[in-house]
Amino acid sequence: MKQVIQNVRDGMLSLVDLAAPAVQQNRVLIANRSSLISAGTEKMLMQFANKGLLAKAKERPDQVKRVLEKVQTDGVIETYRQIKEKLDQPLGLGYSSAGVVVDCGDAVQRFKVGDRVASNGPHASVVSVPENLVARIPDNVDFDRASFAVLGSIAMQGVRLSRCTLGETVFVIGLGLVGQAAVGLLHAAGCRVIGTDPDPSKCELAIRSGAEIAASGLTATQISELSGGIGADAVLITASTSSNGPIDLACEAVRQKGRIVLVGVVGMEMPRRPMYFKEAEFVVSCSYGPGRYDANYEDRGIDYPAAHVRWTEQRNIQAVLDLMGRGQIRVDHLISHRFTIDDAESAYQMIREGSEPFLGVVLKYPSANVESDTEVAAQPLHSNLQACIAPEQDTPSSSLPTKTIARRRPDHKPRIGVLGVGNFATMTMLPAIRRSQAFTGQTLCSAGGLSASHACKKFGFESATSSVDEIYASPDIDAVFVLTRHDLHAQQIVAGLDAGKHVFVEKPLALSLSELAEIEQAVTRNPRQILTVGFNRRFSQAARIARKHFESTVAPVTIQYRFNAGAIPADSWVQNIDEGGGRIVGEACHAIDLVTYLAGSQPVEIHATSVGGPNAPEITDDQCILTLRHANGSISSIGYFAGGDRSQPKERVEIFGGGRSCVIDDYKQVLCYRGGKLQRTKTKAGKGHLEEVLAFAQGIESEKWPIAWQDLASTTVSAIAAVRSLRSGTVIRLDGSLKAARVAA
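Residue indices begin from 1 for each chain and proceed along its sequence in written order. Since the coordinates come from a predicted model, pLDDT governs what is reported: local features require at least 70, and pairs of side-chain atoms require 80 or more to be given and counted, while whole-chain, interface and lining totals use all residues. As a convention, hydrogens and water are excluded, and side-chain values are obtained from all of the structure's heavy atoms.

Undergrad: An account of the pattern of salt bridges is needed here, citing residue identities and associated values.
TA: Definition used for salt bridges: Asp or Glu carboxyl oxygen within 4 Å of a side-chain nitrogen of Lys or Arg. One pass over the full model with this rule turns up 35 salt bridges. Glu279 is the salt-bridge partner of Lys257, the closest N and O atoms lying 2.4 Å from each other. Linking Lys257 in strand β13 (residues 254-262) with Glu279 in the loop between α11 (272-278) and β14 (281-284), this pair joins segments that are 22 residues apart in sequence. Think of it in three bands: residues with accessible area under 20% of the maximum for their type are buried, residues over 50% are exposed, and the middle band is partly exposed, with areas taken using a 1.4 Å probe on protein chains only. For Glu279, a relative accessible area of 52% translates into the label exposed. Residues Asp622 and Arg583 are paired through a salt bridge, measuring 3.3 Å at the closest nitrogen-oxygen approach. Of this pair, Asp622 sits in the loop between β24 (603-610) and β25 (623-630) while Arg583 sits in helix α22 (residues 582-599), and the two are 39 residues apart along the sequence. You'll find Asp622 and Arg583 in the same group, each marked buried. Secondary structure elements are taken from DSSP: a helix is a run of H or I of four residues or more, a strand is a run of E of two residues or more, and numbering for both begins at the N terminus.

See below:
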């Protein structure tokens, strides 16, 4: 399929061929027929991408602050590397499109294959969109007009925030696409609309959109005269400029106790005097409406009840489409150009250079995708389209793929498939795999397709896909790296092992004891397959030095592990128990594995306690202390703290016992004390990511697990039991067996 992408690092815009995205649980797969270029927003992104690093930094002071914090903790070189990696990731352009539903995730109920819909999908032949960002197109609205719906919902949310009523005068500053849509909506609502824009041709279009008066250079005095000396009841700023002019004009033009809504992007220095004497309200509108940027609403498909939130972003999009269907707003006069998707680069060149006047630029997609605009529901899917749609990504563990045997190759390097190409994969694991030179990259897989295609070229893999089944079924793949979200790990491990693949899975191994039991059964069924988990700390140079320091003593040790985890939002998927498992299961498992390795003994007892009280944050699990007793008599304490300052080094481990002590200082140095002497070792190898990859390769060669199953299961059970201890306030006792752990927990 085709997609328009923008490289933020070098400013290159291109049309690329990608694998079609996979259908996912709460998402709808749509074959686009039309998509609208939001020229203002997308031109700003193009201009930003073409700026140098310093110029980019000046525009994002919030990101500069984060970079400075990262320099303190990770150093200049590592921070610079990560910035380059981040900027090198391409962005899919576009957010307002229309097409035909070709598949739906298991949790989707409101849409069916063949439905004509509008969505916030990008400029691509096939898009995967959350259910709550999709709306049905009326039969009498064509795809070109429907492609304006999501952009129109931006204007709709601004209009709603203005609280305008019949007969009120509304002043719209900026008559680009969003401004024109706002004019049309306000006119439909019975308001008297006045508009202004530096471009006279846009003012003429605003008259056709429903404005009573529209002219360049309107002043606050003129607005007062046109409103009988009262001033505008509300002002909508839909302009896009760095100038503070629109704000100044709005504050002067609005009436006493009136309302100003900022929908666009302008200078934000608010003049105090007019706002003070008028007591005018000012609000910034957030995109399409309630639900925007809420992971529960958008990603998990949890809708707000209409009785409590009447107008969500989806209902705003639907309202725009319904108004189009009833003929109460029109947008056809706003379309200045149509280009095919194959000629998209010419469209953006015109926008970038301003070689001719433009406003609404629509990209068209091959009509061969469906038989007709209005009768698609009665038609079968076009065979070419069906062939380009990847199978569903999430393979149920109950439907196991056929076991395949990889062909032997002369280089003897295991060929790998990688599931998941997110930030951690591209920033950490894929660079480690490449540096190891222990594997041959075969196939990268991501649900969206774009990230896999980009990483495929960057890291030297042979192909990219959006289908996990392709990874499992390929006879050319010996091993699978599972780098997906935590809730997918268990089913993908089981599927990989049953398909005859060795499996490396990033932590955690599982989110529940039932998942762990399923994995244990798969391990038993496939005794020749190697499974390991990304508990990288135990493979680090620092951990190996510390372990060696205590190897000649039989005395139990005490270990104190301090984890300055840093805060993440309460609504992050990591904090969600069903998706991320929470931060104890999802990340503190690293610490449990390391203290198990250093103590040389599995935990038999665990107790956890966290902060509380009336001033405690919404999430308290990530501000806790875990106390573990090990089978050999050792004890360890893990302080997992999200409430500290990020500039402090992240991790510190202290070990005592047998007349010796040792400190691992953020994996940058190791201090070993013995007989009154200190041995200091600087460690530059990091936290063991490269070493764990090499250990996995060696495990495949030697047919020996890098970490014993008993340790993998023990760490997972301990992390799950720690959460149970937090809830119950009791000590959880474990005897090392999965069955007993289930009963105790």
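Structure's up, so let's keep going.
Undergrad: So what's going on with empty space enclosed by the protein? Which residues, and what values?
TA: Site definitions follow a grid-based scheme: protein atoms alone, a 1 Å grid, a 1.4 Å probe that fits but cannot get out for cavities, and for pockets an open set with protein on both sides within 12 Å along at least five of seven lines, plus lining residues having an atom within 4 Å of a point. Grid points are joined across faces, edges and corners, and a volume is the space filled by probe spheres set on the points. The final tally for this structure, using the stated rule, is 1 cavity of 30 Å³ or more. Reported here for the largest cavity is a volume of approximately 100 Å³. If you trace the largest cavity, you find 15 residues lining it, with Gln180, Ala181, Ile329, Arg330 and Val331 closest to the centre. Elements with a minimum of two residues in the lining of the largest cavity: α6 (149-162), α7 (177-188) and α13 (313-325). Per-element accounting of the lining of the largest cavity gives the leading share, 4 residues, to α7.

Undergrad: So what about the packing of aromatic side chains? Which residues, and what values?
TA: Put simply, two rings from Phe, Tyr or Trp (the six-membered ring, in Trp's case) pair if the centres are within 6.5 Å, and we call them stacked under 30 degrees between planes, edge-to-face over 60, tilted for the rest. Overall, the coordinates contain 11 aromatic pairs when judged by the stated rule. With a centroid separation of 5.9 Å and 35° between ring planes, the pair formed by Phe439 and Phe696 is classed as tilted. Placement of the pair is Phe439 in the loop between α16 (423-436) and β18 (440-445) and Phe696 in helix α23 (residues 689-702), with a sequence separation of 257 residues. Like Phe439, the residue Phe696 is buried in the burial classification. Connected via pairs of aromatic rings, a cluster forms that spans Phe439, Phe481, Phe504 and Phe696. Its end group placed over the ring of Tyr293, Arg292 keeps NZ or CZ at 4.5 Å from the ring centre. By definition, being over a ring means that NZ of Lys or CZ of Arg is both within 6 Å of the ring centre and within 35 degrees of the ring normal. The ring of Trp311 has Arg310 sitting right over it, with the charged end atom 4.0 Å from the ring centre.

Undergrad: Please give an account of unusual backbone geometry that cites residues and values.
TA: With an omega of -5°, the peptide bond between Lys507 and Pro508 qualifies as cis. Examined against the element boundaries, Pro508 turns out to sit in the loop between β21 (502-505) and α20 (513-525). In this structure, Arg163 is a non-glycine residue whose phi angle is positive, near 55°. Tracing the chain through its elements places Arg163 in the loop between α6 and β9 (169-173). Of the residues examined, Arg163 reaches a relative accessible area of 49% and is grouped as partly exposed. A positive phi is found at Glu703, a non-glycine position, where the angle reads about 60°.

Undergrad: Explain the pairing of β14 residue by residue, including any values.
TA: Pairing of β13 with β14 involves 4 bridges; the strand directions are parallel. From the neighbouring strand, Arg259 faces β14, where its bridge partner is Glu281. By definition, the crossover connecting two strands over a helix is right-handed if that path, from the first strand to the second, turns clockwise as seen with the strands pointing away from the viewer. Viewed along the sheet, the connection from β13 through α11 into β14 turns out right-handed. A pair of strands counts as paired when DSSP detects no fewer than two bridges linking them.

Undergrad: So what's going on with the sheet that holds strand β4 (residues 90-92)? Which residues, and what values?
TA: Strand order in this open sheet of 3 strands is β2-β1-β4, and the pairing throughout is antiparallel. The open sheet has two edge strands with one neighbour each: β2 (13-17) and β4. The sheet shows a mean angle of 45° between the axes of neighbouring strands, direction not considered. Pairing geometry for strand β1 (residues 2-7) and β4, over 3 bridges, is antiparallel. When the bridges of β4 are listed, Gln6 appears paired with Leu91. Axis lines are fitted through C-alpha atoms, for helices just across the contact stretch, and the angle between N-to-C directions can take any value from 0 to 180 degrees.

Undergrad: Before we move on, can you summarise the state of the cysteines with the specific residues and values?
TA: In what follows, a disulfide is any cysteine sulfur pair within 2.5 Å. One pass over the structure, following the stated rule, counts 0 disulfides. For Cys191, which is in no disulfide, the shortest distance to another cysteine sulfur is to Cys164 and amounts to 4.7 Å. According to the relative accessible area criterion, Cys191 is buried, its value standing at 7%.

Undergrad: Give me the environment of Gly581: which residues, what numbers.
TA: By secondary structure assignment, the location of Gly581 is in the loop between β23 (558-564) and α22. Between the C-alpha atoms of Gly581 and His486, which are 95 residues apart in sequence, the distance is 7.1 Å. Contact between two residues is taken to exist if any of their heavy atoms lie within 4.5 Å; hydrogens are not considered. When sequence neighbours within four positions are dropped, the list of residues in contact with Gly581 reads Leu511, Val574 and Asn576.

Undergrad: Would you mind going over the packing of α6 against α13 in detail, with residue names and values included?
TA: Interhelical geometry of α6 versus α13 gives an angle of 105° and a closest axis separation of 8 Å. Taken together, the axes of α6 and α13 are roughly perpendicular relative to one another. Across the interface between the two elements, Ala149, Val150, Gly152, Ser153, Met156, Gln157 and Arg160 from α6 touch Asn316, Ile317, Ala319, Val320, Leu321, Leu323 and Met324 from α13. Split into classes, the residues belonging to the contact of α6 with α13 amount to 9 nonpolar, 4 polar and 1 charged. When an angle is under 35 degrees it counts as roughly parallel; over 145 it counts as roughly antiparallel; between 65 and 115 it counts as roughly perpendicular; any other value is oblique. Under the convention adopted here, Pro, Cys and the residues Ala, Val, Leu, Ile, Met, Phe, Trp and Tyr are nonpolar, Asp, Glu, Lys and Arg are charged, and Gly plus all remaining residues are polar.

Undergrad: Outline the packing of α16 against helix α17 (residues 450-459), supporting the account with residue identities and numerical values.
TA: One can describe the packing of α16 onto α17 by two numbers: an axis separation of 11 Å at closest approach and a directional angle of 35°. As α16 runs across α17, the sense of the crossing is right-handed. In this structure, α16 contributes Thr426, Leu430, Pro431 and Arg434 to the contact, and α17 contributes Ala455, Lys458 and Phe459. Partitioned by chemical class, the residues of the contact of α16 with α17 number 4 nonpolar, 1 polar and 2 charged. Take the far helix as the reference: if the near one is turned anticlockwise from it by less than a right angle, the crossing is left-handed, and if turned clockwise, right-handed.

Undergrad: Residues and numbers for the sheet that holds strand β26 (residues 635-641), please.
TA: Here we have 9 strands laid out as an open sheet, ordered β30-β29-β28-β27-β23-β26-β25-β24-β31, and mixed in their pairing. The sheet is open, and its two edges are formed by β30 (677-682) and β31 (732-733), each paired on a single side. In the packing of helix α21 (residues 541-549) onto the sheet, the strands contacted are β27 (651-657), β28 (660-665), β29 (669-674) and β30, and the crossing angle to β28 comes to about 175°. Across the sheet, helix α24 (residues 709-728) is in contact with β24, β25 and β31; its angle to β24 comes to roughly 40°.

Undergrad: I'd like a rundown of the nonpolar core, residues and numbers included.
TA: In this structure, Phe439, Phe481, Leu509, Ile519, Leu531 and Trp709 are the most contacted members of the largest nonpolar core, which totals 102 residues. Residue contributions to this core peak at 11 residues, all from α22. Residues in contact with Phe481, not counting those within four places in the same chain, are Ile416, Gly417, Val418, Leu419, Met429, Ile433, Phe439, Phe504, Val693 and Phe696. Put simply, a nonpolar core is a bunch of buried Ala, Val, Leu, Ile, Met, Phe, Trp, Tyr and Cys residues held in one set by side-chain atoms that sit within 4.5 Å of each other. Counting residues in hydrophobic clusters, the runner-up holds 76 residues, among them Val134, Phe143, Leu175 and Met324.

Undergrad: Please set out the pairing of β25 residue by residue, giving values where relevant.
TA: Alternating residues of β25 divide into Cys624, Leu626, Leu628 and His630, all buried, and Gln623, Ile625, Thr627 and Arg629, none buried. Direction of pairing for β24 relative to β25: antiparallel, over a ladder of 7 bridges. Looking at the pairing, Ile606 lines up with Leu628 of β25. Once β25 ends, the chain turns through 4 residues before running back antiparallel as β26, passing Gly633 with a positive phi of about 95°.

Undergrad: Could you give an account of α6, naming the residues involved and the relevant values?
TA: The end-to-end C-alpha distance of α6 is 20 Å, a good match for the 20 Å that 14 residues give at a rise of 1.5 Å each. Most of α6 sits inside the fold, with 12 of its 14 residues counted as buried. Residues of α6 that are buried: Ala149, Val150, Leu151, Gly152, Ser153, Ile154, Ala155, Met156, Gln157, Gly158, Val159 and Ser162. An expected span of 1.5 Å times one less than the residue number is assigned to each helix.

Undergrad: Hey, could you go over α7 for me, with residue numbers and the actual values?
TA: Across its 12 residues, α7 extends 17 Å between first and last C-alpha, which sits within 8% of the 16 Å expected from 1.5 Å per residue. Regarding α7, the residues found buried are Leu177, Val178, Gly179, Gln180, Ala181, Ala182, Val183, Gly184, Leu185 and Leu186.

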